[in-house]
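Chain by chain, the residues:
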Amino acid sequence: MTHPALTAPEAVADGVVLHRDVMLPMRDGVRLATDIYRPAGEAGRLPVILERTPYGKGARSRSEIDAGMAAPRTRAEVASYFVRHGYAVVYQDCRGRHGSEGEFVKYLSEGPDGVDTMAWIVEQDWCDGRIGTMGLSYAAHTQMAAACLDPPGLACMVLDSGGFSSAYRTGIRQGGAFELKQATWAWNQAKESPEALADPLVLAALEAEDIHAWFRVMPWGPGRSPVKWVPHYEAYLLEQWRHGTFDAFWQRNGIYAAGSYGTFPRIPVALMSSWYDAYVHTTLDNHQGLGGGRTRPLALIMGPWTHGNRNQTVFGDVDFGPEATLDGHVAENWLAFRRAWFDRWLKGVAADTGAPVRLFLMGGGSGRRTAAGKLDHGGRWIAAEAWPLPGTETRPLYLHADGRLDPEPPKAAESRATYDFDPRDPVPTIGGALTSGQPVFEGGAFDQREDARFFGCRSPGLPLEARPDVLVFETPPLAEDLAVVGPIVVELWVSTDAPDTDFTVKLIDVHPPTPDDPRGFAMNLTDGIFRCRYRKGWDRPEPIAPGEVFRIEVEPFATANLFKAGHRIRLDVSSSNFPKFDVNPNTGAPEGEGRTTRIARNTVHMEAGRASRLLLPVAPVA
């Protein structure tokens, strides 16, 4: 690897200079555009903060915004803050993005490129040999990919809403189904590909595509998608969509940190996500997999937010109250938190980084509408020493054919509920743990009622529970408050007349009627899906035999919610959640290739010996 000279320094702030577009060669000769911020004048060797991003190293990151700010800080402003506190800061465009050479293949080049970048940094006379990494979403994936290869100099990390534990488990696929945020992301980001930036006609073609119309004619195929104008973007998207079996494809660096937990460097890691983020599983799996203790200090922060929006209080149609922001509650602001983390682990400064676990417990609000028309659900921060919270107990609630969700298991010898699932009329997605779905879908908390705002809704005003393909199970109004904090599991005994089908679940906090909402408000908390061809193992797809009754475990994301007295706990069971997930055609066709569909007659069994149940983590929260 050659060692390029730094570009001429540009003054960007008092005492701060920028070496712009230093082209760092990787092991294969591809050069990555890199910006380096340093103190003006002689400052000696300093610890380095590195962020690698596909979104433009010179562009503002939407995550760099404090509560009350009208716009995020620029990269130069963020870098200048850290430079003035004794660091050098490096931003780099990922391979094939913006100023960098090479071809972009989503996620899979980030490990080696990150290692090569850090190897170069530690050899510079302005680096003291210690590197801390930071970044949101894809910039968290880049960190984790490199860390799994134990790069030189890496001393601590701040993983913000990303860093795949297993992209098969969450992020690309979930429960065997494909997450369609990958489709919207590919179409949106293809507009910033080298092909689109170099050729106005390519960009115009992408922008002329009606993405909503394309979502109505899935699945896509080679040359038959809105991404076809940048063929290698379409190719990686379809490859991920069609590769449903968990095998070596899903165990590659960049998308499977779980395979490296045993050899992961013993460095401090701060992990942050939020209950309505797409990376809840990833964050909590990484927290568990990396362990804790003195050899690897960990911090875990989980807010009520959607992806990266840590200083808002309203998500969807729900207001989580003035305490919902990170600013002023977890830390003074996000810059201050990261500075304390880096000061402690890169400089050895006695900085306060807070309790090991900080969670936002949603709930406790008035249940009325705010002046802005949002549901006042409320919430507050809690601190703990470990996750799951010490003293948490698992409480089962059993599904009954009459719609009850009850602590007592069913006693009948035969009891079931059956519905028809038509892939041509899927249950529409109304909020949830989502990101990157614009302009087709949005995450957050909403009343589970059809609305013209949501893609696929055909009966605005009707609740989803009115659909014949949605089974609803709920408790009576609770006699006292109940804090549900932790992983959620739904055990279902099911059968179908199709060779393959899906089952979906959704956990809901049902607010009682108020003058503002006389029909109540069914607020979604978390949801999950299970593709039944994988009932015998993610690595062993198998068609369903006629008459086969089998048990599945659906794993919605973990949550933290206070169900107030008078509220109901509700579980919806169905077979689709579109466009969050791709729709199963019920034919057993290869993943992402089923052009024909059939109606599946699906059954949930709720009887002695086949008791379907919801397992709730009930925490002793004062």
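Here the structure is shown first, and the text comes after it.
Residues numbered from 1 in each chain as written. Predicted model: local features only at pLDDT ≥ 70, side-chain atom pairs only at ≥ 80, totals over all residues. Heavy atoms only, no water.

S.K.: Whenever I open this one, the environment of Gln438 confuses me. Can you help?
M.R.: Considering the arrangement of structural elements, one finds Gln438 in the loop between strand S19 (416-421) and strand S20 (471-474). Between the C-alpha atom of Gln438 and that of Ile211, which follows or precedes it by 227 residues, the distance is 9.7 Å. Here Gln438 is in contact with Thr184 and Asn188, once residues within four sequence places are set aside. At 3.3 Å, the side chain of Gln438 and the side chain of Glu442 are in polar contact. (Helix = DSSP H or I, 4+ residues; strand = E, 2+ residues; numbered from the N terminus. Contact = heavy atoms within 4.5 Å. Polar contact = N/O pair within 3.5 Å; in protein donor to acceptor, adjacent residues only side chain to side chain.)

S.K.: Honestly, helix H2 (residues 110-122) in this entry has me stumped. Any pointers?
M.R.: Each turn of an α-helix holds 3.6 residues, which means side chains three or four residues apart point in the same direction. Across its 13 residues, H2 extends 18 Å between first and last C-alpha, which sits within 8% of the 18 Å expected from 1.5 Å per residue. In terms of burial, H2 is largely enclosed, as 10 of its 13 residues are buried. All of the buried residues along H2 are Glu110, Gly111, Asp113, Gly114, Val115, Asp116, Thr117, Met118, Trp120 and Ile121. (Expected span 1.5 Å × (residues − 1). Buried < 20%, exposed > 50% of the residue type's maximum accessible area, 1.4 Å probe, protein only.)

S.K.: Sorry if this is basic, but what is going on with the sheet that holds strand S23 (residues 502-511) here?
M.R.: Picture the strands of a sheet paired through backbone hydrogen bonds; they go either parallel or antiparallel. Strand order in the open sheet formed by four strands is S20-S27-S23-S24, and the pairing between neighbours is antiparallel. Among the strands making up the open sheet, the edge pair consists of S20 and strand S24 (521-531). Averaged over neighbouring strand pairs, the angle between their axes works out to 20° when direction is ignored. Across seven bridges, the pairing between S23 and strand S27 (residues 568-574) is antiparallel. (Pairing = 2+ DSSP bridges. Axes fitted to C-alpha atoms, helices over the stretch in contact; angles between N-to-C directions.)

S.K.: Just checking my understanding: could you explain the layout of surface pockets for this structure?
M.R.: The gaps left among the atoms become clear once a water-sized probe is rolled over them. Reported here for the largest pocket is a volume of approximately 740 Å³. Surrounding the largest pocket, 37 residues form its lining, Arg62, His307, Thr435, Ser436 and Gln438 being those nearest its centre. For the lining of the largest pocket, the element with the highest residue contribution is helix H4 (residues 181-190), accounting for three residues. Looking at the lining of the largest pocket, its residues break down into 13 nonpolar, 18 polar and six charged. Contributing to the lining of the second largest pocket are 30 residues, with Met218, Pro219, Pro423, Phe578 and Val583 lying nearest its centre. Across the lining of the second largest pocket, the residue classes tally to 14 nonpolar, five polar and 11 charged. (1 Å grid on protein atoms, 1.4 Å probe; cavity = no way out; pocket = protein on both sides within 12 Å on 5 of 7 lines; lining within 4 Å. Points joined across faces, edges and corners; volume = space filled by probe spheres on them. Nonpolar A, V, L, I, M, F, W, Y, C, P; charged D, E, K, R; others polar.)

S.K.: I keep staring at the packing of aromatic side chains and nothing clicks. Help me out?
M.R.: Two numbers describe a pair of aromatic rings. These are the distance of the centres and the angle of the planes. Taken as a whole, this structure holds 40 aromatic pairs when the rule is applied. Taking 6.0 Å as the distance between ring centres and 65° as the angle between the ring planes, the aromatic pair formed by Trp341 and Trp345 counts as edge-to-face. Of this pair, Trp341 and Trp345 are both found in helix H10 (residues 334-347), four residues apart, which corresponds to roughly one turn of the helix. The class of Trp341 is buried, set by a relative accessible area of 2%. Since its relative accessible area comes to 25%, Trp345 is described here as partly exposed. Among the aromatic residues, ring-to-ring pairing joins Tyr55, Phe104, Tyr107, Tyr138, Phe164, Trp185, Tyr233, Tyr236 and Tyr279 into one connected group. Lying over the aromatic face of Phe104, Arg97 brings its terminal NZ or CZ to 5.6 Å of the ring centre. (Phe/Tyr/Trp six-rings, centres within 6.5 Å; stacked < 30°, edge-to-face > 60°. Lys NZ or Arg CZ within 6 Å of the ring centre and 35° of its normal.)

S.K.: Help me understand the environment of Gln92 in this model?
M.R.: The topology assignment puts Gln92 in strand S5 (residues 88-93). With 58 residues separating them in the primary sequence, Gln92 and Thr34 have C-alpha atoms 4.3 Å apart. Those residues in contact with Gln92 that sit more than four places away from it in its chain are Leu24, Leu32, Ala33, Thr34, Glu51, Arg52, Thr53, Lys57 and Thr117. At 2.6 Å, the side chain of Gln92 and the side chain of Arg52 are in polar contact.

S.K.: Would you take a moment to explain unusual backbone geometry for this structure?
M.R.: Outside of glycine, negative phi angles account for most residues, and trans bonds account for most peptide bonds. Across the junction of Met218 and Pro219, the peptide omega takes the value 5°, indicating a cis bond. Relative to the helices and strands, Pro219 is located in the loop between helix H7 (211-215) and helix H8 (231-242). For the peptide bond that leads from Phe578 to Pro579, omega is 20°, which places it in the cis range. At Asp21, a residue that is not glycine, the phi angle is positive and equals roughly 55°. Tracing the chain through its elements places Asp21 in strand S2 (residues 16-25).

S.K.: Explain the pattern of salt bridges to me, please; I cannot follow it from the model alone.
M.R.: Between side chains of opposite charge, a pair can form as their charged atoms come close. Within this structure, the stated rule accounts for 51 salt bridges. Ionic pairing is found between Asp343 and Arg339, a salt bridge with its closest N-O pair at 3.3 Å. Here Asp343 pairs with Arg339, and both are found in helix H10, just four residues apart, close to one helical turn. Using a relative accessible area of 9% as the deciding quantity, one classes Asp343 as buried. Using a relative accessible area of 29% as the deciding quantity, one classes Arg339 as partly exposed. A salt bridge links Glu553 to Arg551, with the nearest nitrogen and oxygen atoms 2.8 Å apart. (Salt bridge = Lys/Arg side-chain N within 4 Å of Asp/Glu carboxyl O.)

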